[in-house]
Amino acid sequence: MPATVLHGNCLELLPTIPDGSVDAVVTDPPYGLSDITAKQTVQALTAWLSGDRDFLPAAKGFMGHDWDGFVPPPAVFDELLRVLKPGGHMAVFGSPRTMDLLGMSVRLAGFELRDTLAWLYGSGMPKTTPLKRQFAKRGDDITATHFHGHATGLRPGFEPILLARKPFTGSALDNLVAHGTGALDIASARIPFTSDADRQETTTKNRHGDFGTQHGLNSVYGDYAMLGVRSNYSADGRWPSNVVLDEGSAAQLDAANPINTAAQAGVSRFFYCARASASERPSTPDGTAHVTVKPLALMQWLVDLVAPPGIAHILDPYAGSGTTGEAALRSGHDVTLIEREAAFLPLIQLRLDRTSNAA
């Protein structure tokens, strides 16, 4: 069956999935956006290292939700490591505030951390107010202090995405042949040229094969001469980057830099732009919606990047509104979704139904 939806705690349901049956994991788990104290951090790390792999300190996270009290413990990633094929990749969203804990949890399970992607978005709003309002509310004379321009936080503008891989023995090529996993699908995730002018500008200036240009001749960025002579640029798009934009951040980036006249495009052309629309976000007739939905284009780009060729089995143990499921189906893959909250199951079904109807 292309899509399987399991309702319940992923720690209870993951053991029902066979060893080595999953090609890739793409998930947006709880970020743990609570006021985590140093004591709670020590408690968690001590418990994890002592064998209490599913320990979670008591806390409430984003908007007071219990499910967001802390990052997933190593017990979750132990199971994800088990169900993945050797060399299988995992893309996991996180928060800048708790990425250190998430990365530690992933590492303790035995994953290799391959990279950290940054999804930049221009619509973030500060979660704090200027302190002058608090001074005024308390009745203090703000003009008598030095803090009238101060606040306790920055406007959020990115979310990190951990790119991890299950280790394998032997070479990457041998693993790829044996299991279809271990490498990223660069071709499927290439960044499209913005226009014929952009394509022409790129291929014209990158004729390294014609001139015998070697890697690493610009020593400012290091010596890569061992890679030999480069070939002419003939790929259908740019090599994917570990930075992904939304339309707002792309517009801000282009506004801050001059437009390349030959390419007729701004600097944002070097990065994948995950465009989204309000209509893609599902809601039920009674108004139920998910509070942390990611753009479908972003999730589909990630699925395309980490999924091996052919029909792959994608897993999301924190399905939310089912964006990973819709992305996987649209890319022609099978998917297993696990979601604990019953209220979100209709949202997942809406996504799966509309994808099936579109096909």
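Before any of the text, the structure's been laid out above.
So, here is what we can say about the structure in this document. Quantities reported herein were computed from a predicted structural model and do not represent experimental measurements.

What to know about the overall build of the protein chain
Stage number 1. In terms of regular secondary structure, the protein chain is built from 13 helices and 9 strands.
Stage number 2. In the protein chain, buried positions account for 42% of the 359 residues.
Stage number 3. For the protein chain, the share of sequence-separated contacts (at least 6 apart) that also reach a separation of at least 24 residues comes to 75%.
Stage number 4. In the form shown here, the protein chain has an accessible surface area of approximately 18,300 Å², with 56% of it arising from carbon and sulfur atoms.

Things to note about the environment of Ile 314
Stage number 1. Tracing the chain through its elements places Ile 314 in strand S8 (residues 313-316).
Stage number 2. Judged by relative accessible area, which is 0%, Ile 314 ranks as buried.
Stage number 3. For the pair Ile 314 and Ser 21, spaced 293 residues apart in sequence, the C-alpha separation works out to 9.6 Å.
Stage number 4. In this structure, Ile 314 is in contact with Ala 24, Val 303, Ala 307, Thr 324, Ala 328, His 333, Asp 334, Val 335 and Thr 336, ignoring residues within four places of it in sequence.

What to know about the packing of helix H2 (residues 38-49) against helix H4 (residues 99-108)
Stage number 1. Where H2 contacts H4, the two axes come as close as 11 Å, and the packing angle between them is 5°. As the angle between them shows, H2 and H4 are arranged roughly parallel. Together, Thr 41, Leu 45, Trp 48 and Leu 49 of H2 and Leu 101, Met 104, Ser 105 and Leu 108 of H4 make up the contact between the two elements.
Stage number 2. Residue classes in the contact of H2 with H4 are distributed as 6 nonpolar, 2 polar and no charged.

Description of the sheet that holds S8
Stage number 1. Taken together, the 9 strands give an open sheet; going across it, the order is S1-S9-S8-S2-S3-S5-S4-S6-S7, and neighbouring strands pair in mixed fashion. Among the strands making up the open sheet, the edge pair consists of strand S1 (3-7) and strand S7 (272-273).
Stage number 2. Alignment of S8 against strand S9 (residues 334-339), held across 4 bridges, turns out to be parallel. By the bridge assignment, Ile 314 is partnered in S9 with Val 335.

Side note on the packing of aromatic side chains
Stage number 1. This model, assessed by the stated rule, comprises 3 aromatic pairs.
Stage number 2. With a centroid separation of 5.0 Å and an interplanar angle of 40°, the aromatic rings of Trp 119 and Tyr 121 are classed as tilted.
Stage number 3. Accessibility expressed as a relative area gives 8% for Trp 119, which makes it buried.
Stage number 4. On the accessibility criterion, Tyr 121 (14% relative accessible area) is buried.
Stage number 5. Ring geometry for Tyr 272 versus Trp 301: centroids 5.3 Å apart, planes at 10°, classification stacked. Placement of Tyr 272 in strand S7 and of Trp 301 in helix H11 (residues 296-306) is noted, with a sequence separation of 29 residues between them. As far as burial versus exposure is concerned, Tyr 272 and Trp 301 are alike and both buried.
Stage number 6. Sitting above the plane of the Phe 93 ring, Lys 294 keeps its charged end 5.1 Å from the centroid.

A short note on the nonpolar core
Stage number 1. Counting residues in each nonpolar core, the largest one holds 36 residues, and the members touching the most others are Trp 301, Leu 302 and Ile 314.
Stage number 2. Going through the elements one at a time, strand S2 (22-27), strand S3 (84-93), strand S4 (112-120), strand S5 (158-165), H11, helix H12 (323-330), S9 and helix H13 (345-358) are the ones with two or more residues in this core.
Stage number 3. Membership of the second largest hydrophobic core comes to 29 residues, among which are Trp 48, Leu 102, Val 106 and Phe 111.

Focus: the pattern of salt bridges
Stage number 1. For the structure on display, the rule yields 16 salt bridges.
Stage number 2. Between Lys 85 and Asp 23 there is a salt bridge; the shortest N-O distance is 2.9 Å. Taken together, the positions of Lys 85 in strand S3 and Asp 23 in strand S2 put the pair 62 residues apart, joining distant regions of the chain.
Stage number 3. Given a relative accessible area of 6%, Asp 23 falls into the buried group.
Stage number 4. Where Arg 199 meets Asp 236, a salt bridge forms, and the shortest distance between an N and an O atom there is 3.3 Å.

Considerations on the environment of Pro 309
Stage number 1. Tracing the sequence through the fold places Pro 309 in the loop between H11 and S8.
Stage number 2. With 24 residues separating them in the primary sequence, Pro 309 and His 333 have C-alpha atoms 9.7 Å apart.

Cut-offs applied
Here the residue index of a chain counts from 1 through its sequence in written order. Reporting of local features is limited, given that this is a predicted model, to residues whose pLDDT is at least 70; pairs of side-chain atoms are given and counted only at 80 or more, and all residues count toward the totals for whole chains, interfaces and linings. Note that the side-chain values use all heavy atoms of the structure and ignore hydrogens as well as water. Numbered from the N terminus, helices here are DSSP runs of H or I no shorter than four residues, and strands are runs of E no shorter than two. Each residue is placed in one exposure class: buried if its accessible area under a 1.4 Å probe, protein chains only, is under 20% of its type's maximum, exposed if it is over 50%, and partly exposed if it falls in between. Two residues qualify as a contact provided that any one of their heavy atoms is within 4.5 Å of a heavy atom in the partner residue. Using the Shrake-Rupley algorithm and a 1.4 Å probe, accessible areas are obtained, with residue cover drawn only from the displayed protein chains. Here, axes are lines fitted to C-alpha atoms. For helices the fit covers the stretch in contact, and angles between N-to-C directions go from 0 to 180 degrees. In what follows, roughly perpendicular refers to angles from 65 to 115 degrees, roughly parallel to angles under 35, roughly antiparallel to angles over 145, and oblique to any angle outside these ranges. Put simply, Ala, Val, Leu, Ile, Met, Phe, Trp, Tyr, Cys and Pro go in the nonpolar bin, Asp, Glu, Lys and Arg in the charged bin, and everything else, Gly too, in the polar bin. Paired strands, in this sense, are two strands between which DSSP finds at least two bridges. A pair of Phe, Tyr and Trp rings is counted when the ring centres sit within 6.5 Å of each other, with Trp represented by its six-membered ring. The angle between the planes then sorts it: under 30 degrees is stacked, over 60 is edge-to-face, the rest tilted. Consider the ring centre and the ring normal. A charge sits over the ring if Lys NZ or Arg CZ is within 6 Å of that centre and within 35 degrees of that normal. Throughout this description, the term nonpolar core refers to a set of buried Ala, Val, Leu, Ile, Met, Phe, Trp, Tyr and Cys residues connected via side-chain atoms within 4.5 Å. Should a side-chain nitrogen of Lys or Arg be within 4 Å of a carboxyl oxygen of Asp or Glu, the pair is scored as a salt bridge.

No statement about biological role is implied by the geometric values presented.
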